[in-house]
Structure formats: C-alpha cells, structure tokens
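Examination of the molecular architecture
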Amino acid sequence: NEPSVAIVGARHCTGWGRSLASKLATDLVSAGIVTVSGLAYGIDAAAHDARPDRTIAVLGQGLGQSNNGQKGRSVQKIVDAGGLVVSEFMPTFPASKATFPQRNRVISGIALGTVVIEAGMRSGSRITARHTLTQGRELMVVPGHPMDEGSRGCNELLFHGAGLVRDASDVLFHLGMEAPATPSCRPSCPTQRAVLEALGSGQTLDHIVAITGQTV
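These figures come from a predicted structure and were not determined experimentally.

Quick notes on the nonpolar core
Ranked by internal contacts, the top residues of the largest apolar core, which has 20 residues, are Ile7, Leu24, Leu28, Val115, Ile117 and Val171. Going through the elements one at a time, strand S1 (4-9), helix H1 (15-30), helix H2 (43-50), strand S5 (113-117) and helix H7 (168-174) are the ones with two or more residues in this core. For this core, the leading source of residues is H1, giving 5 residues. Beyond its immediate sequence surroundings of up to four residues, Val115 is in contact with Val5, Ala6, Ile7, Val8, Leu24, Met140, Val142, Val165 and Val171. Counting residues in hydrophobic clusters, the runner-up holds 16 residues, among them Val36, Ile56, Ala111 and Ala162.

In structure tokens:
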C-alpha cells in the first residue's frame with residue numbers, strides 16, 4: 001500500500017554499480033519509497049541489503065525452496081528486519097530458467113517504476129524493462145560507459161527514450177514526486193554564521209575578513 005520502486009541489474013555487477021544501487025535504495029527509502037527487487041546476486045542484493053526493513057523481495061521459486069545457503073540467509077535478514085518476501089509459486093516449486101522471467105513481471109508490476117543499473121543486451125533486467133513498459137509503469141535507467149559491454153543494454157534503453165537516472169532525485173522527478181526538503185544546518189556560533197554569510201558574496205580571504213571584522 002506504499003509507493004515502491006524496483007531496482008534491478010546485473011548479477012555480475014561492478015563495485016560502482018553495487019555502490020550506486022545501495023545509495024539509490026537508501027535515498028529512496030529516506031524519501032518514503034519501498035524498494036523492490038528479485039533477490040539475485042549483484043544489483044538486486046545491494047538494493048535489498050541497503051534497507052532490508054523497507055524492501056520487497058520477489059522470488060523466482062517457492063518460499064520453501066529458498067531456505068538454504070546465501071539466499072536463505074538473505075530471506076531471513078529481510079524478514080527479521082520487517083521487510084517482505086513474496087512468491088507467486090507454490091512453496092515447494094523449484095527455480096528454473098522459466099520461473100525467473102516470469103517473476104520479473106511481478107517485480108515491475110508491484111512498483112510505480114523500474115530503475116535498471118548495469119544491464120547487457122541479453123539480460124533478465126531487459127525482460128523486466130519490457131514488462132515495465134507493457135504494464136504502463138515508468139522505465140528509468142542509469143547510463144553506463146559507451147564502451148562497457150555490461151551497460152550496453154542500459155544505454156540502448158536510454159537511446160529509445162527511458163528516463164535518465166543519476167540519483168534518487170531523478171527517480172522522484174520521473175514519478176512526479178517531490179524530494180523531501182533538506183533541513184537547514186545553520187551554525188549556532190555567531191562568528192561562524194558571519195563567515196557563512198560572507199561566503200555568499202565573495203570567497204577571498206580579504207573579503208571575508210573585511211565583511212566579518214574578524215582577524216585572519
């Protein structure tokens with residue numbers, strides 16, 4: 001019942017991509033958004049791990065099939081934090097090549113829009129992107145280097161009109177939502193306030209000394 005955004009991307013992602021997914025998820029949650037992803041390695045895991053208390057993981061298998069190994073630990077972490085893990089499959093239904101593309105339409109369907117980070121030309125993220133458009137949701141993409149094979153899919157989606165994403169404020173813009181106001185942090189010390197105000201009209205040392213009346 002709360003606004004959500006899907007964050008999807010490569011399993012074999014770069015450290016940069018993982019870091020961006022984590023920051024994007026953190027900032028979106030701060031803006032009142034719930035994140036959605038597929039609990040895969042790489043970008044998905046980074047998005048879930050950033051704020052497991054405000055995330056929805058959609059499985060490509062039955063819930064009973066996800067109890068072991070790293071996936072089981074990730075499921076438990078999300079549940080313990082107060083997040084949500086869902087599956088449309090019966091509890092004992094195993095994962096297969098067919099179940100993950102099927103799962104992707106649920107990821108995009110839950111969310112107001114999907115953000116794609118680091119996707120090749122042939123990837124599950126591109127399948128999620130197609131579902132996003134078919135379902136009338138907002139498709140948003142983080143650009144990659146033109147020569148990076150791992151981002152060719154992202155750049156292709158941008159070329160065909162997907163929304164450009166650099167940070168969480170871009171996501172909120174594409175969804176027609178306002179970013180929360182940043183509280184002002186004015187210093188309590190009168191001297192510091194005077195220096196701050198002086199910086200508004202010039203930044204040379206002589207200017208600051210003349211305006212504030214302070215010594216160097």
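Back to the text.
What to know about the side chain of Ser66
Residue position: Ser66 is located in the loop between strand S3 (55-58) and helix H3 (69-81). Here Ser66 falls in the buried class, since its relative accessible area comes to 2%. A distance of 2.8 Å separates the side chain of Ser66 from the backbone oxygen of Leu63, its partner in a polar contact.

Things to note about the packing of aromatic side chains
Inspection of every chain in the model, using the stated rule, returns 1 aromatic pair. Geometrically, the ring pair formed by Phe89 and Phe93 is stacked, given 5.2 Å between the ring centres and 15° between the ring planes. The buried category is assigned to Phe89, whose relative accessible area is 12%. The class for Phe93 is partly exposed, based on a relative accessible area of 38%. Positioned above the aromatic ring of Phe100, the side-chain terminus of Arg11 is 5.7 Å from the ring centre.

Describing the pattern of salt bridges
Summed over the entire model, instances satisfying the criterion amount to 7 salt bridges. Put simply, Asp170 and Arg166 hold a salt bridge, and the shortest N to O gap is 2.9 Å. Its relative accessible area of 9% is what places Asp170 among the buried residues. Residue Arg166 is classed as exposed on the basis of its relative accessible area of 59%.

A look at the sheet that holds S3
The sheet built from 7 strands is open, its strands ordered S4-S3-S2-S1-S5-S6-S7 with parallel pairing. Every interior strand has two partners, whereas the edge strands, strand S4 (84-86) and strand S7 (163-164), have only one. Across the sheet, H2 is in contact with S1, strand S2 (34-37), S3 and S5; its angle to S1 comes to roughly 145°.

Here we look at the packing of helix H8 (residues 190-199) against helix H9 (residues 205-212)
Taken N-terminus to C-terminus, the directions of H8 and H9 make an angle of 125°; their axes are 9 Å apart at the nearest point. When the axes of H8 and H9 are compared, the pair comes out oblique. Relative to H9, the crossing made by H8 is right-handed. From H8, Ala194, Val195, Ala198 and Leu199 reach across to H9, where they touch His207, Ile208, Ile211 and Thr212. Looking at the contact of H8 with H9 residue by residue, the classes come out as 6 nonpolar, 2 polar and no charged.

Observations regarding the side chain of Glu118
Relative to the elements of secondary structure, Glu118 occurs in the loop between S5 and helix H5 (124-134). Of the side chains bearing the opposite charge, Arg18 lies closest to the buried Glu118, which forms no salt bridge; the N-O distance is 7.8 Å. Separated by 2.4 Å, the side chains of Glu118 and Thr14 make a polar contact. The residues contacting Glu118, other than those within four sequence positions of it, are Gly9, Ala10, Cys13, Thr14, Trp16, Gly17, Gly150, Ser151 and Cys154.

Regarding the environment of Leu84
Tracing the backbone through its elements, the reader meets Leu84 in strand S4. Residue classification places Leu84 among the partly exposed positions, given a relative accessible area of 42%. For the pair Leu84 and Thr55, spaced 29 residues apart in sequence, the C-alpha separation works out to 6.3 Å. What Leu84 contacts, discounting residues up to four positions off in sequence, is Thr55, Ile56, Ala57 and Ile78.

Scoring rules and cut-offs
- Residues numbered from 1 in each chain as written.
- Predicted model: local features only at pLDDT ≥ 70, side-chain atom pairs only at ≥ 80, totals over all residues.
- Heavy atoms only, no water.
- Core = buried A, V, L, I, M, F, W, Y, C linked by side-chain atoms within 4.5 Å.
- Buried < 20%, exposed > 50% of the residue type's maximum accessible area, 1.4 Å probe, protein only.
- Helix = DSSP H or I, 4+ residues; strand = E, 2+ residues; numbered from the N terminus.
- Contact = heavy atoms within 4.5 Å.
- Polar contact = N/O pair within 3.5 Å; in protein donor to acceptor, adjacent residues only side chain to side chain.
- Phe/Tyr/Trp six-rings, centres within 6.5 Å; stacked < 30°, edge-to-face > 60°.
- Lys NZ or Arg CZ within 6 Å of the ring centre and 35° of its normal.
- Salt bridge = Lys/Arg side-chain N within 4 Å of Asp/Glu carboxyl O.
- Pairing = 2+ DSSP bridges.
- Axes fitted to C-alpha atoms, helices over the stretch in contact; angles between N-to-C directions.
- Parallel < 35°, antiparallel > 145°, perpendicular 65-115°, else oblique.
- Left-handed = near helix turned anticlockwise from the far one by under 90°.
- Nonpolar A, V, L, I, M, F, W, Y, C, P; charged D, E, K, R; others polar.
- Lys, Arg positive; Asp, Glu negative; His and termini not counted.

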